2 protein chains.
Amino acid sequence: MRQQAAFMPTMREVPADAEAISHQWLVKGGFIRQLSAGVYSILPLGRRVLRNAERIVREEMEGTGAQEVLLPAMQPADLWRQSGRYEVYGPELIRLRDRGDREFVLGPTHEEVITALVGQEISTYRKLPVTLYQIQTKFRDERRPRFGLLRSREFVMKDAYSFSADWESLDAVYRAMYGAYHRIFERCGLEFRAVEADAGAIGGEGGTHEFMAIAASGEDDVVTCSHCDYAANMEKAAGRGVAAGGGTTAVSRDTIPAAEKFHTPGLRSIEDLVTGLGLRTSELIKTLIYLADGKPVAVLVRGDRTLNETKVKNALDAMELELADSAVVAGITGAATGFAGPVGLNATLLVDEEVAAMAHGVAGANATDYHLKHVVPGRDFPLERIGDYRNVEEGEACPNCLEGMLRVIRGIEIGHVFKLGTKYSEKLGARFVDASGENRPMIMGCYGIGVTRLLSAVIEQHHDANGMLWPVELAPFQVHVIPVSHQDEAQMAAAERLYEQLRADGIETLLDDRGERLGVKLKDADLIGIPIRIVVGKGIAEGEVEWKERGNGEPAERLALADAGAAVRRWLEDRRARRRKS
Amino acid sequence: MRQQAAFMPTMREVPADAEAISHQWLVKGGFIRQLSAGVYSILPLGRRVLRNAERIVREEMEGTGAQEVLLPAMQPADLWRQSGRYEVYGPELIRLRDRGDREFVLGPTHEEVITALVGQEISTYRKLPVTLYQIQTKFRDERRPRFGLLRSREFVMKDAYSFSADWESLDAVYRAMYGAYHRIFERCGLEFRAVEADAGAIGGEGGTHEFMAIAASGEDDVVTCSHCDYAANMEKAAGRGVAAGGGTTAVSRDTIPAAEKFHTPGLRSIEDLVTGLGLRTSELIKTLIYLADGKPVAVLVRGDRTLNETKVKNALDAMELELADSAVVAGITGAATGFAGPVGLNATLLVDEEVAAMAHGVAGANATDYHLKHVVPGRDFPLERIGDYRNVEEGEACPNCLEGMLRVIRGIEIGHVFKLGTKYSEKLGARFVDASGENRPMIMGCYGIGVTRLLSAVIEQHHDANGMLWPVELAPFQVHVIPVSHQDEAQMAAAERLYEQLRADGIETLLDDRGERLGVKLKDADLIGIPIRIVVGKGIAEGEVEWKERGNGEPAERLALADAGAAVRRWLEDRRARRRKS
């Protein structure tokens, strides 16, 4: 492609609303433009990268035997009522009515459609397993779309669904997908981790893993162990149980006096209590009042911990969980917010296992401006629902090997694999007759990759101060040919010849034939990050050009023009060979 | 792909709702399934053909220098208000509100989005012309979705938009697109005609052509000449002006007596008058009362002609045109429907040029059960708005060469190219500074192909009583390898070897490894229509297989198994060479 004719509107300024680095570079480099909050037009350079990502995904999916389909975005609301998700999904689900006033949703995902389809077409174990995938546009009305393609409302996703006769078969498909995901993300040049995850609203009885691209700007916390290969996302990462060293467990409970009310005027938060009374955070019992599907519930975690809403939601099997407002808190505790406590509280009480292990602690007194000390779990409040309700923290012992130390790093979710089991097949009637003649629901899995999001994740990991650094398989072009002077006939002629030769060899090449200064051309070249740059300058008098790889930090090398084509081919072949070896 | 594992749910029965042949075969062959009226899931075989169609379209688009983008389906309603189409588009435009109650539409086409985008990014003639295209899902809430992929509510379209500094440049882009469209449809194996068309709601000042696949089942009438290369769709095809032979023009007007009311009880229609009074249809003046944007208008056409609503709409520059109901007719004419006439009528009067040329005729009297005879155009009613308001008919003289005879054939619209001019660039502010420093709106063109619809159009032309006959470039697989007996080890081993060899050569091959009887396998093979079929049967004992081309009518040939791979390569190369030559 010739740059003069290309639609590549680069910008010098960082867009004001672009917080994430990848968002900034995608806009500055002319890869995307915002149409509306969380809705983007993908411009030619972005489309080329997206096409490459689609090709990689497609090749690896076909490699597992998955078959491509294309399912509708417009889905009858009734299907979603059948699965029960019409109500559950909430305002993220875009709803509309057609001219006949029939209700539809815009698919945020396709479990309903595919399960109904396969259930209708397959009735015997002999046609199982089958895995179907698509690369298709999804719609999710995010509460807070942001970070460009990282959290948008309309995006391209690869979603795959498998249907098996038994769990062993699902396990095999799951493993194949797990492997394909590794290859896809490796080919995209990503540093990533597969982590244990929580199944969330999509449900499912089996395991589930998230694939996380490591990035400081990620929205998710990934928990890993310094010693073993434990990795989970924060929602899922398990607390180790009884605290090692926290609280006041050293003291024998028998010697503890009765709970005692004391005056704590205006000390509402853990911080207030620590600074006002000189207590340690781990001596405090934090009582958080929530509404779970509208019903009040109190959750106790140690003062130095944060509550994990996913764990609480799962424990209660609740669809919605929200922090109660001050009116609700007052109604339940009879006190202002900040003074709630477990003693004498009339609400479901979830007690984190660390709190249960405390000898005694300080808690709110359910009276404004008062707390209780010497509160003993099991003596002063019931321990009926002990569980893991907190977020783990950096430095904790690993719940898996018990030896290593947990680290918390940030990640971007780029893929997700789920063992769904029979959740959807039961509800949507995807049943089959097995080898023994029994009629059973199919065992399902689902497997997603955010394809547009991949572009952002790759840039978060591959950029420098001057712009993007595209891994070769994703790069919009492999080679950028730049004549130094537009007015120098010899340079232009040589650049043109090289361009045509590379194209004839099937190498995607961009020729900067614009009448711009060299500085502008090189700045744009750095910005859009094509892996190989060949500058045609004065050296052409000696038949030489300059070869530079974007971002490898090495200086440009001189090279005979006559050898440039072969050098490019060698370089690409070398990259391919490395991939095959890995 | 191995057929046992493939998701190819073929059916023996024709679906009850499938009127069009292509719809029947697509469903029977397991290429598509309906999710909701006009909304289809594309299954693996269909997706493969669609992918091939997309590849052909992409290659030919890139060949013209067009650059691929991906624009959002969700478009802010405000953009559509700015272009004026939010109101015009009517119920076909799907509207929705997001969680913030902001209005959006689901793009049925992308003029608004692309014009705003390019207008914002390009400001100088030096960056023009530019042509952007996408292959993307469109939404149109059709009043009557039908015929499978031929008229659906969600479909894949290739839409391209060009932006030029002047009309000469637009002409060049238009010609390039016109050429690319020819190549695309030829590669899809289609018999088609490019015909003059009416610009319709999309508007535009320049020319426009529709590409029509010839098919008896088509919904559109295509008018061609037996002598010259005139071709137009019915909406556009021009009447030749003064009728040759129709009406009563032979009589001198001076001798015609005054118009005279006569009793025609119950004779409401042209047919009633012809059978009741023995008149010729061409002696009658048909008066049709319409509401054009709510205002009544009467249109006169000869009794033997039908009215062309597009021509009437264009003449009145009306956004909406609908036949008036009997209450409106009574209000205007004072009579029941069937007795309207032009004499003394208080409404805008459009007179078809054939009516204007009549010496006299019979028309309604604007009184129930009465008509007028000896009605003389110009004497008894004004001839202020004479024009071409009728449909042409088979057998008429050609308006272009005046020598040939018009034929009317049926066609399926598969593509459309438009010279839009400045309609959108004016309204959406896509302006640039030209070489002389003047600020002007860009000159636009737009170019569409219904990509999913292509599949149906191809089947309408390529099928027989047993199923589909896919042209090689579109076929879901090029070769179908069928062992006669699943239980014969030698046959199965040979079939497997051939399958693996063809796949290694990059040839898309389907292996029927199912435990079905040969009859079932061959029936399915005919149904899905893969071009080359290689049957591995008893001949394998002599190292021979059977070669059969789908639909060429020739008997199967015996061939050495060892030569089969080379024969396939030769056959494919031969097809490619033919294409390059054409």
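Please read all numbers here as calculations on a predicted model, not as lab measurements.

Caption draft 1: A look at the pairing of strand E29 (residues 532-536) of chain B. Residues and elements named next belong to chain B. Counting buried positions over the 5 residues of E29 gives 5, a clear majority of the element. The alternating pattern of E29 places Ile532, Ile534 and Val536 and Arg533 and Val535 on opposite faces, both of which are buried. Bridging between strand E27 (residues 479-483) and E29 involves 5 bridges; their strand directions are parallel. Paired with His480 across the two strands is Arg533, which belongs to E29. For E29 and strand E30 (residues 544-549), the ladder comprises 4 bridges, and the chain directions are antiparallel.

Caption draft 2: Molecular detail of the sheet that holds strand E6 (residues 103-106) of chain B. Residue and element names in this part refer to chain B. Taken together, 3 strands build an open sheet; the order of strands is E4-E6-E5 and the sheet is antiparallel. Taken across any chain shown, the strands that pair with only one partner, and hence form the sheet edges, are strand E4 (74-76) and strand E5 (94-97). Put simply, the sheet's adjacent strands are angled 40° from each other on average, direction ignored. Sheet topology places E4 next to E6; 3 bridges connect them, and they run antiparallel.

Caption draft 3: Geometry of the packing of aromatic side chains. Within this structure, the stated rule accounts for 18 aromatic pairs over all chains. The interplanar angle of 55° and the centroid separation of 5.4 Å between the aromatic rings of Tyr178 of chain A and Phe211 of chain A together place this pair among those described as tilted. You can see Tyr178 of chain A sitting in helix H6 (residues 167-187) and its partner Phe211 of chain A sitting in strand E10 (residues 208-214), a full 33 residues away along the chain. A relative accessible area of 26% places Tyr178 of chain A in the partly exposed class. Considering the side-chain rings of Trp80 of chain B and Tyr89 of chain B, the 5.6 Å spacing of their centres and the 80° angle between planes classify their relative orientation as edge-to-face. Residue classification places Tyr89 of chain B among the buried positions, given a relative accessible area of 19%.

Caption draft 4: Fine view of the domain arrangement of chain A. Entries for chain A in the domain assignment read domain 1 (21-238 + 408-460), domain 2 (253-387) and domain 3 (477-581). Between domain 2 of chain A and domain 3 of chain A, the C-alpha centre-to-centre distance is 65 Å.

Caption draft 5: The interface of chain B and chain A, seen in detail. Between chain B and chain A, the contact holds 62 residues from the first and 62 residues from the second. Taking both partners together, chain B and chain A bury about 5,000 Å²; carbon and sulfur atoms supply 59% of that area. Three residues, Phe7, Leu70 and Arg99 of chain B, lead the burial of chain B against chain A; their summed loss comes to 15% of the area buried on that side. The interface formed by chain B and chain A includes 10 salt bridges. Notably, a salt bridge pairs Arg47 of chain A with Glu68 of chain B, separated by 3.2 Å at the nearest N-O pair. On the surface where chain B and chain A come into contact, there are 26 residue pairs in polar contact (both at pLDDT 80 or more). Ranked by residues supplied to the side of chain B that touches chain A, first place goes to helix H2 (residues 44-63) of chain B with 7 residues.

So, how was this worked out
Residues numbered from 1 in each chain as written. Chains lettered and ligands numbered in written order. Predicted model: local features only at pLDDT ≥ 70, side-chain atom pairs only at ≥ 80, totals over all residues. Heavy atoms only, no water. Buried < 20%, exposed > 50% of the residue type's maximum accessible area, 1.4 Å probe, protein only. Helix = DSSP H or I, 4+ residues; strand = E, 2+ residues; numbered from the N terminus. Pairing = 2+ DSSP bridges. Axes fitted to C-alpha atoms, helices over the stretch in contact; angles between N-to-C directions. Phe/Tyr/Trp six-rings, centres within 6.5 Å; stacked < 30°, edge-to-face > 60°. Domains from an automatic or database assignment. Contact = heavy atoms within 4.5 Å. Buried area = accessible area lost by both parts, 1.4 Å probe. Salt bridge = Lys/Arg side-chain N within 4 Å of Asp/Glu carboxyl O. Polar contact = N/O pair within 3.5 Å; in protein donor to acceptor, adjacent residues only side chain to side chain.

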